[in-house]
Amino acid sequence: MAAITITNVSKTYPGAAAPSISDINLTIQDGEFIVLVGPSGCGKSTLLRMVAGLEEITVGEVKIGDRVVNNVDPADRDIAMVFQNYALYPHMSVRENMAYGLKNRKTPKAEIEARVAEAARMLELGPYLDRKPRALSGGQRQRVAMGRAVVRQPAAFLFDEPLSNLDAKLRVSMRGEIRRLQKRLATTSLYVTHDQLEAMTLADRLVVLNAGRIEQVGAPLEIYHRPATTFVASFIGAPAMNLLDAEVDGSRLRIGSHVIDARRNMAGQGAITLGIRAEDLHPSATGLPFKVDFVEELGAQRLVHGLIDGQALVLILDPHLPLQDELRLSVNSDKLHLFDILSGRRLEHPQTAANGIPVPA
Amino acid sequence: MTNAAQTSPGPIRRWIARATVRPEPAKRVQFDRPLLPWLFLAPQLAVIFVFFYWPSAQAISSSFYIEDPFGFGATFVGFDNYTDALGSAEYRHIASFTAIFTVLVTAFSLGLGLLLAVKADQVIRARSTYRTAMISVYAIAPPVAGLIGMMLFDQHIGPFVKLAAWFGWEMKVGLNYFDTAFAMILVSVWKQVPYNFIFILSGLQGIPQSVREAALIDCKNGARRFFTAILPLLAPTAFFLLIINITYALFDTFAVIDVMVKDKAANNPITLVYKVYVDGFRGNDIGGSSAQSVILMLVVLVLTLVQFRWLERRVHYG
Ligand SMILES: Nc1ncnc2c1ncn2[C@@H]1O[C@H](COP(=O)(O)OP(=O)(O)OP(=O)(O)O)[C@@H](O)[C@H]1O
Ligand SMILES: [Mg+2]
């Protein structure tokens, strides 16, 4: 068990023009579950692999516990890693796969057996201990990979998209299993995924990466409710947050030819990017005119895509309500997210809550 | 030829159509005419027949006869040719040399091929140049390799002879039994290493990167890691190469041996295959030579059977 401290870490692959990771600072508390999330190619795996010791650190320092590990062998870092494609040893049985790392560390035989038995019990691998990986299903292989990490009792678990090769249903149940296991063992964990649902459900804290930089760090709900940038706003949450071009004028917001009166002073002035989550828009008698374009039925809810003054917008509606071609929409003014139009950074409202009632122009 | 096919496509097309209609839902291809598969197999079967079964049958039959050296007829002698061969001290001496030769050539060419492949797998810069240089040796025809080998061990200009002389070893390839054997093994190994190198390298590259990385986390000691986590995954490749290398050492080293001992077979180390040739074509003892080649055939058959029965099932992981 240990904290992981990442200080000013950058990584430039040999021959690459731009760094894949730029100046990352992050402290992972002992026992914390951190999820790294971001679009493909943003450097999640690179950062994780630098902690694991599989990738050299170009600049900066990684500490596991009190020890700087920049030049420590992966085997000596006291970490265990779970790979996307399981990376089991095909010539070893499930038991040998789990015991291999311990054997090489000269763990006493009885202890190895006890730990393997315990992990097999936890992960329900008992019946498969003497099978080779090729005789296991994808989900079982994934559990063996987890078992191999668990028996080591390392200071930290590192996961690189461990569930992305599983089907949707298995992914949900394995997700729960990982969470339960981690809570029980209280082992510091760093988990990479590009699945934002996985990220939201697993994380104590989320780290959103974009192009090798940290966009935002925070608890999942904090990030959901107060995204720090337009990038985070559009990346976290499904459907993605609506981002509209708007203009602020004191307490009034102008979207094209329509005006919302927020009835309080808004952050910023002039052109801004306005963010509204799909579930925060409600049909009302008066409000912003919305032209329905097409509808996606999800069963429990209905996603309605359409246009407000030529700008695309999606909202979530109750599937029982009758569909209309044109709606009027209102939104609570605390649910408005304002972002700088150039930098994409969040603009904070002065903290005075008031119910905004849309006023037709 | 292509013209002929183009001007009269009718019958051929109809024939192909008949062979391909009614696709079955099952994976196995079904032919509605029993003769057709044999037609497709015919060219391959003809080659095998002409170059393997027929000569083999000839060898087996003539191994029971003593043929008049001038071709005036043959006398049936039963197993005499076999007992003569197996009973002769010379034959047994050559057989034991062949065994040692085969073991050494196989072991060294596999070992060196493995070593070079492992090293090449780690090379990052100038990767392809390095590999091409390694592989190009394989493009040399065996007699040429023999000649190059001969030159390397030439009494007057051979660099190996000079190198050996530095260490006080007066090398006399072609005259001294041990020196000749040494040169033969060296050249044979040198010729075979690239072949093994290619296969082992591609075997190594077939090992998933993540498995290597998992091993890197699980085992600190590089040598131990290699022997416990990487080498076992090469076992299918190694098994295949073992068979190929044994066959190579037994048969395909003929050209190298021929160049090295030409006309001086008597005092020089030779292998069983070369003796078959010497007795049959130089000594005109067709019967004895046939008996020897049948013995050789049986040895290879037994070796291959043993390998498949005992080794193969241990090396495939899927
Ligand atoms: N070995 C390498 N050599 C050069 N560039 C690399 C190497 N590995 C990754 N990169 C580059 O570094 C960047 C980050 O890659 P990384 O694998 O960390 O992305 P990722 O966030 O894990 O993406 P994904 O979600 O697709 O796995 C990418 O632009 C990639 O092209
Ligand atoms: Mg990745």
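Residues numbered from 1 in each chain as written. Chains lettered and ligands numbered in written order. Predicted model: local features only at pLDDT ≥ 70, side-chain atom pairs only at ≥ 80, totals over all residues. Heavy atoms only, no water.

## Description of the layout of surface pockets
Residue and element names in this part refer to chain B. Empty space within the largest pocket amounts to approximately 1000 Å³. Around the largest pocket sit 32 residues that line it, and Gln122, Gln209, Arg212, Leu216 and Arg225 are the ones nearest its centre. The set of elements that each furnish at least two residues to the lining of the largest pocket consists of helix 5 (89-122), helix 9 (177-205), helix 10 (209-218) and helix 11 (222-230). No other element matches helix 5, which puts 7 residues into the lining of the largest pocket. Of the volumes computed, that of the second largest pocket is approximately 570 Å³. Contributing to the lining of the second largest pocket are 21 residues, with Phe251, Val276, Ser293, Leu296 and Met297 lying nearest its centre. Among the secondary structure elements, those contributing two or more residues to the lining of the second largest pocket are helix 3 (35-62), helix 12 (235-252), helix 14 (272-282) and helix 15 (286-315). The residue inventory of the lining of the second largest pocket, partitioned by class, reads 13 nonpolar, 8 polar and no charged. (1 Å grid on protein atoms, 1.4 Å probe; cavity = no way out; pocket = protein on both sides within 12 Å on 5 of 7 lines; lining within 4 Å. Points joined across faces, edges and corners; volume = space filled by probe spheres on them. Helix = DSSP H or I, 4+ residues; strand = E, 2+ residues; numbered from the N terminus. Nonpolar A, V, L, I, M, F, W, Y, C, P; charged D, E, K, R; others polar.)

## Quick word on the site of ligand 1
Residue and element names in this part refer to chain A. Near ligand 1 you find Tyr13, Ser20, Ser40, Gly41, Cys42, Gly43, Lys44, Ser45, Thr46, Glu161 and His194, and these make up its full shell. Here a nitrogen atom of ligand 1 sits 3.3 Å away from a polar atom, N or O, in the side chain of Tyr13. Note that an oxygen atom of ligand 1 is positioned 3.0 Å from one of the backbone N or O atoms of Gly43. The protein chains hide 57% of the 630 Å² of surface that ligand 1 would expose on its own. (Near = heavy atom within 4 Å. Polar contact = N/O pair within 3.5 Å; in protein donor to acceptor, adjacent residues only side chain to side chain. Areas by Shrake-Rupley, 256 points an atom, 1.4 Å probe, with all protein chains shown as cover.)

## Things to note about the pairing of strand 15 (residues 281-297) of chain A
Residue and element names in this part refer to chain A. The pairing of strand 15 with strand 18 (residues 326-331) spans 7 bridges and is antiparallel. Following the sheet pairing, Pro283 is matched in strand 18 by Leu329. In the sheet, strand 15 pairs with strand 16 (residues 302-308) via 6 bridges, with the strands oriented antiparallel. Residue pairing in the sheet places Phe294 in a bridge with His305 of strand 16. Hairpin connection of strand 15 to strand 16: 4 residues between the antiparallel strands, including Gly299 at a positive phi of 95 degrees. (Pairing = 2+ DSSP bridges.)

## Overview of the sheet that holds strand 1 (residues 4-11) of chain A
Residue and element names in this part refer to chain A. Taken together, 4 strands build an open sheet; the order of strands is 2-1-4-5 and the sheet is antiparallel. Two strands in the sheet have a free side with no partner beyond their single neighbour: strand 2 (21-28) and strand 5 (67-68). Strands strand 1, strand 2 and strand 4 (59-64) of the sheet are contacted by helix 1 (residues 44-52), whose axis makes an angle of about 120 degrees with strand 1. (Contact = heavy atoms within 4.5 Å. Axes fitted to C-alpha atoms, helices over the stretch in contact; angles between N-to-C directions.)

## Some details on the domain arrangement of chain A
Residues and elements named next belong to chain A. Per the domain assignment, the segments of chain A are domain 1 (4-234) and domain 2 (240-360). When each unit is reduced to the centre of its C-alpha atoms, the spacing between domain 1 and domain 2 is 38 Å. Contact residues are listed per partner, giving 9 residues for domain 1 and 12 residues for domain 2. Summed over both partners, the interface of domain 1 with domain 2 buries about 1000 Å², with 49% contributed by carbon and sulfur atoms. Broken down residue by residue, the surface that domain 1 buries against domain 2 is led by Tyr224, Arg226 and Thr230, which jointly contribute 45%. The tally of links from domain 1 across to domain 2 stands at 1 salt bridge. Between Arg226 and Glu348 there is a salt bridge, and its shortest N-O distance comes to 2.6 Å. Counting every contact that joins domain 1 to domain 2 gives 6 residue pairs in polar contact (both at pLDDT 80 or more). For the side of domain 1 that touches domain 2, the elements supplying multiple residues, two or more each, are helix 7 (220-225) and helix 8 (230-235). With 3 residues, the top contributor of residues to the side of domain 1 that touches domain 2 is helix 8. (Domains from an automatic or database assignment. Buried area = accessible area lost by both parts, 1.4 Å probe. Salt bridge = Lys/Arg side-chain N within 4 Å of Asp/Glu carboxyl O.)

## Remarks on empty space enclosed by the protein
Tallied over the full model, the rule gives 3 cavities of 30 Å³ or more. As a volume, the largest cavity reaches approximately 80 Å³. In this structure, the largest cavity is lined by Ala80(A), Met81(A), Phe83(A), Tyr89(A), Arg148(A), Ala149(A), Arg152(A), Ala214(B), Ile217(B) and Asp218(B). For the lining of the largest cavity, the secondary structure elements donating two or more residues are strand 6 (79-82) and helix 4 (138-151) of chain A together with helix 10 of chain B. Element by element, the count of residues in the lining of the largest cavity is highest for helix 10 of chain B, at 3 residues. For the lining of the largest cavity, the class distribution of residues is 7 nonpolar, no polar and 3 charged. Considering only enclosed or pocket space, the second largest cavity measures out at about 60 Å³ in volume. Lining of the second largest cavity is provided by Ile243(B), Ile246(B), Thr247(B), Leu250(B), Phe251(B), Val300(B), Leu303(B), Thr304(B) and Gln307(B). When contributions to the lining of the second largest cavity are tallied by element, the ones reaching two or more residues are helix 12 and helix 15 of chain B. Sort the elements by how many residues they give to the lining of the second largest cavity and helix 12 of chain B lands first, with 5 residues.

## Remarks on the pairing of strand 11 (residues 242-249) of chain A
Residue and element names in this part refer to chain A. The alternating pattern of strand 11 places Asn242, Leu244, Ala246 and Val248 on a buried face, while none of Leu243, Asp245, Glu247 and Asp249, on the opposite face, is buried. Bridging between strand 11 and strand 14 (residues 270-276) involves 7 bridges; their strand directions are antiparallel. Among the inter-strand pairings, Asp245 is bridged to a residue of strand 14, identified as Thr273. Pairing between strand 11 and strand 12 (residues 252-255): 3 bridges, direction antiparallel. By the bridge assignment, Asp249 is partnered in strand 12 with Arg252. (Buried < 20%, exposed > 50% of the residue type's maximum accessible area, 1.4 Å probe, protein only.)

## Some points on the environment of Ala85(B)
Residues and elements named next belong to chain B. Position of Ala85 among the secondary structure elements: in helix 4 (residues 80-87). For Ala85, a relative accessible area of 8% translates into the label buried. Considered as a pair, Ala85 and Ile157 are 72 residues apart in the sequence and their alpha carbons are 39 Å apart. Not counting residues up to four positions away in its chain, the partners in contact with Ala85 are Tyr91 and Gln292.

## Structural notes on the pattern of salt bridges
Evaluated as defined, the whole model comprises 18 salt bridges over all chains. Measuring nitrogen to oxygen at the nearest pair gives 2.8 Å for the salt bridge that ties Arg49(A) to Glu213(B). Of this pair, Arg49(A) sits in helix 1 while Glu213(B) sits in helix 10, which puts the two residues in different chains. Like Glu213(B), Arg49(A) is buried. Between Asp121(B) and Arg212(B) there is a salt bridge, with the nearest N and O atoms lying 3.0 Å from each other. Taken as a pair, Asp121(B) in helix 5 and Arg212(B) in helix 10 lie far apart in primary sequence, 91 residues in all. According to the relative accessible area criterion, Asp121(B) is buried, its value standing at 14%.

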